[in-house]
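These are the residues of each chain, in order.
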Amino acid sequence: MSVNKTEQYAAKKLDSEQLAENIKRHLQQSLGVDQEEAGPAEYWEALSLVVRELGLDLIRKTRHKERDEKARRVYYLSLEFLVGRLLGNNLHNLGIYHQAEEAMANLGVNLTDVLEHETDPALGNGGLGRLAACFMDSLTTLDLPAFGYGINYRFGLFKQGFAGGKQTESPDAWREESCPWGIERPKRKQRIKLYGRVTERAGKAAWEDTQEILGMPWDVPVTGYGTDTVNTLRLWESRAAEGFDLSSFDEGRYHESRSGEIQAENVSQVLYPNDNHPAGKELRLIQQYFFVACSIADLIARYKRENGDNLDGFAEKVAIQLNDTHPAIAVPELMRILMDEEDIVFTKALSICREVFAYTNHTLLPEALEKWPQNLITKVLPRHMQIIHMINYHFLHTEVEAQWPGDNNMKRRLSIIEEPERPGGQQMVRMAYLSVVGSHKVNGVAALHSSLVKSSLFPEFNEMWPDKLVNVTNGVTPRRWVDYCNPELASLIDETIGKDGEADWRKDLTRLDAINAYADDPAFQKKFAAIKRNNKVRFAAVVKELCNVEISPDAIFDVQIKRLHEYKRQQLNLLHIMALYRRLLENPDLDVPQRVFIFGAKAAPGYKVAKTIIHAINRVAERVNNDRRIKDKLKVVFLPNYRVSLAEKIIPAADVSEQISTAGFEASGTGNMKFALNGALTVGTLDGANVEIAEEVGDDNIFIFGLTVEEVAELRHRGYNPEDVYNSNAELKAVIDWLASGDLCPEEPDAFRPLVDSLLGGDYFLTLVDYQAYSDAHDKIVETWKKPELWWKTAITNSASMGKFSSDRSITDYAKTIWNMA
Ligand code: RUG
């Protein structure tokens, strides 16, 4: 769809005086405060209201344009959207950041201080939710008609603190302060059924005796860069279907009268804090169905408003992307509506579904692939379970039978319903299989991952449908991840390669390639290095404030920020830090540069080993940071409550990016892209998108180490005993023994036992096998650091070579190969 050029940059027409007037108006008329009483928090809210007003106006215009053009729309269904703070990013996207800065300055306030007052909405766990947010930004920037659908959780991901080095969790009631972005849309509310039973009436299935809840939509405007298109992120909040029971209210039984409401409200209360590990709880299934059912009903209503009641053209106008299997129940839900409410026969309904749906797989981890007990689905969604059986029957007895005639073993292997392994076990519904069978395309999120999806996760599906499984490598939005978080670097790029029209790298990240010509240029290197240093100085102040640790901006800032999971191997980083410390204790005059190891990570509250790793890192940090003998050559900091707004401060300040997962386990990673884009050097395994990053930057500009996917498979096949590695590597043995000794936590000597046991008792994630190669890679990093010209050349080459990893490219790939929209 083309941009409406006549109205392009409507927001940009606002100058600083008009903005200041609007801010004052909102201070007085929306917030009821006088300018003299207002502090940064009030200014933040007033400016947000100004931007919201703009956003709403542009949403309306976008809707009109889309209605006229009748183009296909994509609906991105995701249980998580980790949007981060919105005000600064919206100002940048709308092209009014500098006007806002000036307006605020004229009012006597500093915009940077004001922006710090925004709560960071934590409506996601990690990479999957942040990807969804980058995708919304790109869909809008590319002027594609799109809606994001998700849940307006009352409590986002928990707030993390540390007590004695251990993780503590507290609720994050993020909306309680103030959230001007979400706009309630009561006219578009939905009524959703649950439980009940299915009967037959006049030859048709009827879902009866159900319980009902309401879905109230909250719309968040999604701005794009350099366009007047503003899309909508529609987040559902659950409410009780019936209001107060007035009679019991009158009798003073207030709590009773509200009991139904409290249950219904529970549905959108909390985000499950698990990354790469499903919760398996009834409430989680209800959450999934709740947001899916609201969204499907909403998009069908929109289709009918725009195209009339006949659904024949539905698939031409609607594309639905399932972000992981979390929204997979959408397949039987759309089938139910088509068959039971629209009188469409099963085979036609299935072919509509297959044209409409596509599914993104984000993991190969067996424990992360969702399966629901058949009994649970039957209880909560009885009609859907029937429809899943119908789909499965058709799939096995028509399609699998045609491919492998008479092969019952194959039918058992591919069945959407998994038979119990042991007598008395439960039948489970494999949501990934349901998603594959119900979609026309299935994509992995990096080239290596997608090839493993074909060869090891779904080989038979790939044989049956050779064109169905495809790759779309992830990407990140350069607007948030350079322009907004690293403004000095953005200006340097602008002054070097231009910023107007076609030259604007913010819209076409491949333009950065032109920076490669300057990688060797001493003057450019000097400017690039100065920007990094400024970012490090600013970040050092954040560390001082949050951790009370002094770090030198002249040290190597080596960063690992991501969820805490054994496959991501923060424990490998930890073992190496312990070894470095020991080396320094043995020889305090060792000729090594100063190094700061920086961590940020939340562990799922029930994940014991992950929490042990956090505890151990914090205890090592305490010891190292307070040991004068090593003369500040080593520091370790674990930033509490890692989240998007902290990532925005850490990434521009990083020198080294740790991407050290066991090969084959990290589907893609997106942090790896953000770091390289901001000029950090990667130390990483050949895993996920690291493989493609290495291809882009060249082998000399990345520190690759460790076993490959093939070597991991071969080692497992041969059999592996971690004790052998432990006994043959004296340094490694010494640090593991130290960890096990209780010395780091005298009041609880066995505190780190779960970690030691997981390393020596199997080492499933092959931490010990990769240890020496990792340590050697770090030695090479130090050698490179000692040659500043080489270091900055490598850093600049990394930044300049990241053109491929814009989420605009990912979305263009989706639009072409999956949504048929380009
Ligand atoms: O672990 C993956 C990351 O490798 C990937 O970059 C990200 C976005 O595709 O998704 C993460 N992920 C996978 N989060 N949850 C899952 C499984 O549900």
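Residues numbered from 1 in each chain as written. Predicted model: local features only at pLDDT ≥ 70, side-chain atom pairs only at ≥ 80, totals over all residues. Heavy atoms only, no water.

1. Some thoughts on the site of the ligand
Here comes step 1: Neighbouring residues of the ligand: 16 residues in total, closest Asp324, His362, Asn474, Glu666 and Gly669.
Here comes step 2: Between the ligand and tyrosine 567 there is a distance of 3.2 Å, counted from an oxygen atom to a side-chain nitrogen or oxygen.
Here comes step 3: Coverage of the ligand by the protein amounts to 95% of the 420 Å² it exposes when considered alone.
Here comes step 4: When grouped by side-chain class, the residues that make up the shell around the ligand number 5 nonpolar, 8 polar and 3 charged.
Here comes step 5: Mapping the shell around the ligand onto the domain boundaries places at least three of its residues in each of domain 2 (71-84 + 121-166 + 215-232 + 271-472) and domain 3 (538-810). (Near = heavy atom within 4 Å. Polar contact = N/O pair within 3.5 Å; in protein donor to acceptor, adjacent residues only side chain to side chain. Areas by Shrake-Rupley, 256 points an atom, 1.4 Å probe, with all protein chains shown as cover. Nonpolar A, V, L, I, M, F, W, Y, C, P; charged D, E, K, R; others polar. Domains from an automatic or database assignment.)

2. Here we look at the side chain of glutamate 333
Here comes step 1: Structurally, glutamate 333 can be placed in helix 12 (residues 330-341).
Here comes step 2: Engagement of the side chain of glutamate 333 in a polar contact is seen with the side chain of arginine 336, the distance being 3.1 Å.
Here comes step 3: Beyond its immediate sequence surroundings of up to four residues, glutamate 333 is in contact with Tyr289, Val292, Ala293, Ile296 and His384. (Helix = DSSP H or I, 4+ residues; strand = E, 2+ residues; numbered from the N terminus. Contact = heavy atoms within 4.5 Å.)

3. Comments concerning the environment of lysine 544
Here comes step 1: Here lysine 544 is to be found in helix 22 (residues 522-547).
Here comes step 2: Residues lysine 544 and valine 637, spaced 93 residues apart in sequence, show a C-alpha to C-alpha distance of 9.9 Å.

4. Re the domain arrangement of the protein
Here comes step 1: When the domains of the protein are assigned, the result is domain 1 (1-69 + 86-119), domain 2 (71-84 + 121-166 + 215-232 + 271-472) and domain 3 (538-810).
Here comes step 2: Relative to domain 3, the C-alpha centre of domain 2 lies at a distance of 34 Å.
Here comes step 3: Counting residues at the interface gives 35 residues for domain 2, matched by 36 residues for domain 3.
Here comes step 4: Of the roughly 2,700 Å² buried between domain 2 and domain 3 on both sides combined, carbon and sulfur atoms contribute 61%.
Here comes step 5: The largest contributions to the domain 2 side of the interface with domain 3 come from Gln160, Phe162 and Leu448, which together make up 21% of the buried area.
Here comes step 6: For the pair domain 2 and domain 3, the interface holds 1 salt bridge.
Here comes step 7: Across the pair lysine 166 and glutamate 748 runs a salt bridge whose closest N-O atoms are separated by 2.8 Å.
Here comes step 8: Across the domain 2-domain 3 interface, the total number found is 13 residue pairs in polar contact (both at pLDDT 80 or more).
Here comes step 9: With 7 residues, helix 6 (residues 127-141) is the largest single contributor of residues to the side of domain 2 that touches domain 3. (Buried area = accessible area lost by both parts, 1.4 Å probe. Salt bridge = Lys/Arg side-chain N within 4 Å of Asp/Glu carboxyl O.)

5. What about the state of the cysteines?
Here comes step 1: For the structure shown, the criterion picks out 0 disulfides.
Here comes step 2: Lacking any disulfide linkage, cysteine 179 is separated from the closest cysteine sulfur, that of cysteine 134, by 19 Å.
Here comes step 3: Judged by its relative accessible area of 27%, cysteine 179 is partly exposed.
Here comes step 4: Here cysteine 547 is not cross-linked by a disulfide; its sulfur's nearest cysteine counterpart is in cysteine 745, at 19 Å. (Disulfide = S-S within 2.5 Å. Buried < 20%, exposed > 50% of the residue type's maximum accessible area, 1.4 Å probe, protein only.)

6. Considering helix 1 (residues 16-30)
Here comes step 1: Compared with an ideal rise of 1.5 Å per residue, which puts 15 residues at 21 Å, helix 1 spans 20 Å between its outermost C-alpha atoms and is within 8% of the ideal.
Here comes step 2: Where helix 1 is concerned, the buried positions are Ser16, Leu19, Ala20, Asn22, Ile23, His26 and Leu27. All buried residues of helix 1 lie within an arc of 165° about the axis, which places them on one face of the element. Exposed residues on helix 1 whose side chains face more than 90 degrees from its buried face are Glu17 and Gln29.
Here comes step 3: Buried residues along helix 1 sit against helix 2 (40-69) and helix 4 (97-106).
Here comes step 4: Directly beyond the C-terminal end of helix 1, a positive phi value near 65° is found at glycine 32. (Expected span 1.5 Å × (residues − 1). Arc of directions from axis to C-beta.)

7. Here we look at the pattern of salt bridges
A side chain of one charge can pair with a side chain of the opposite charge if their charged atoms are brought near each other.
Here comes step 1: In this structure the tally under the stated criterion is 62 salt bridges.
Here comes step 2: The partner of aspartate 137 in a salt bridge is arginine 479, with the nearest N and O atoms 2.7 Å apart. Taken together, the residues span a long stretch of sequence, with aspartate 137 in helix 6 and arginine 479 in helix 20 (residues 478-484) at a distance of 342 residues.
Here comes step 3: Residue arginine 479 is classed as buried on the basis of its relative accessible area of 1%.
Here comes step 4: We note a salt bridge from aspartate 757 to arginine 753, for which the minimum N-O separation is 3.3 Å. Here aspartate 757 pairs with arginine 753, and both are found in helix 31 (residues 753-760), just 4 residues apart, close to one helical turn.
Here comes step 5: Each of Arg185, Asp219, Arg234, Asp298 and Arg302 takes part in one network of salt bridges that share partners.

8. Some points on the sheet that holds strand 20 (residues 634-639)
Across a sheet, strands are paired by hydrogen bonds formed along the backbone, either parallel or antiparallel in direction.
Here comes step 1: Read from one edge of the open sheet, 6 strands run 20-19-18-21-22-23, paired in parallel fashion. Pairing within the sheet leaves two strands with one partner each, and these edge strands are strand 20 and strand 23 (703-704).
Here comes step 2: Both strand 19 (residues 595-600) and strand 20 contribute to a ladder of 6 bridges, which runs parallel. Its bridge partner lying in strand 20, valine 596 is registered against lysine 635.
Here comes step 3: This element, helix 22, spans strand 18 (556-561), strand 19 and strand 20 of the sheet and lies at about 70° to strand 20. (Pairing = 2+ DSSP bridges. Axes fitted to C-alpha atoms, helices over the stretch in contact; angles between N-to-C directions.)

9. Here we look at the packing of aromatic side chains
Here comes step 1: Summed over the entire model, instances satisfying the criterion amount to 29 aromatic pairs.
Here comes step 2: Aromatic side chains tyrosine 303 and phenylalanine 314 sit 5.3 Å apart centroid to centroid with 80° between the ring planes, which places their arrangement in the edge-to-face category. One end of the pair, tyrosine 303, is in helix 10 (residues 282-307); the other, phenylalanine 314, is in helix 11 (residues 314-317), with 11 residues separating them in the sequence.
Here comes step 3: The exposure class of phenylalanine 314 is buried, given its relative accessible area of 1%.
Here comes step 4: A centroid spacing of 5.2 Å and a plane angle of 50° characterise the contact between phenylalanine 705 and tyrosine 774, whose relative ring orientation is tilted. Residue phenylalanine 705 is found in the loop between strand 23 and helix 28 (709-718), and its partner tyrosine 774 is found in helix 32 (residues 767-785); the two are separated by 69 residues along the sequence.
Here comes step 5: A connected cluster of aromatic rings, assembled from ring pairs, spans Tyr76, Phe81, Phe135, Tyr814 and Trp819. (Phe/Tyr/Trp six-rings, centres within 6.5 Å; stacked < 30°, edge-to-face > 60°.)

10. Re unusual backbone geometry
Here comes step 1: Even without being glycine, asparagine 276 reaches a positive phi, approximately 60°.
Here comes step 2: Mapping asparagine 276 onto the fold places it in the loop between helix 9 (259-266) and helix 10.

11. Quick word on the confidence of the model for the protein
As a general rule, the predicted coordinates of low-pLDDT regions are not to be interpreted in detail.
Here comes step 1: In this model, the protein carries an average pLDDT of 95, and 96% of its residues clear a pLDDT of 70 or more.
Here comes step 2: In this model, residues 1-7 is a region of pLDDT below 50 whose contacts with residues beyond four sequence positions or in other chains number 13 contacts. (pLDDT = per-residue confidence, 0-100.)

12. Thoughts on a negative patch on the surface
Here comes step 1: Residues Asp15, Glu17, Glu101 and Glu102 make up a contiguous surface patch of negative charge.
Here comes step 2: Within the element layout of this structure, glutamate 101 appears in helix 4.
Here comes step 3: Assessed through its relative accessible area of 33%, glutamate 101 is described here as partly exposed. (Patch = residues over 30% accessible without salt bridge, like charges linked within 9 Å, V, L, I, M, F, W, Y side chains within 5 Å. Lys, Arg positive; Asp, Glu negative; His and termini not counted. Charge placed at Lys NZ, Arg CZ, Asp CG, Glu CD.)

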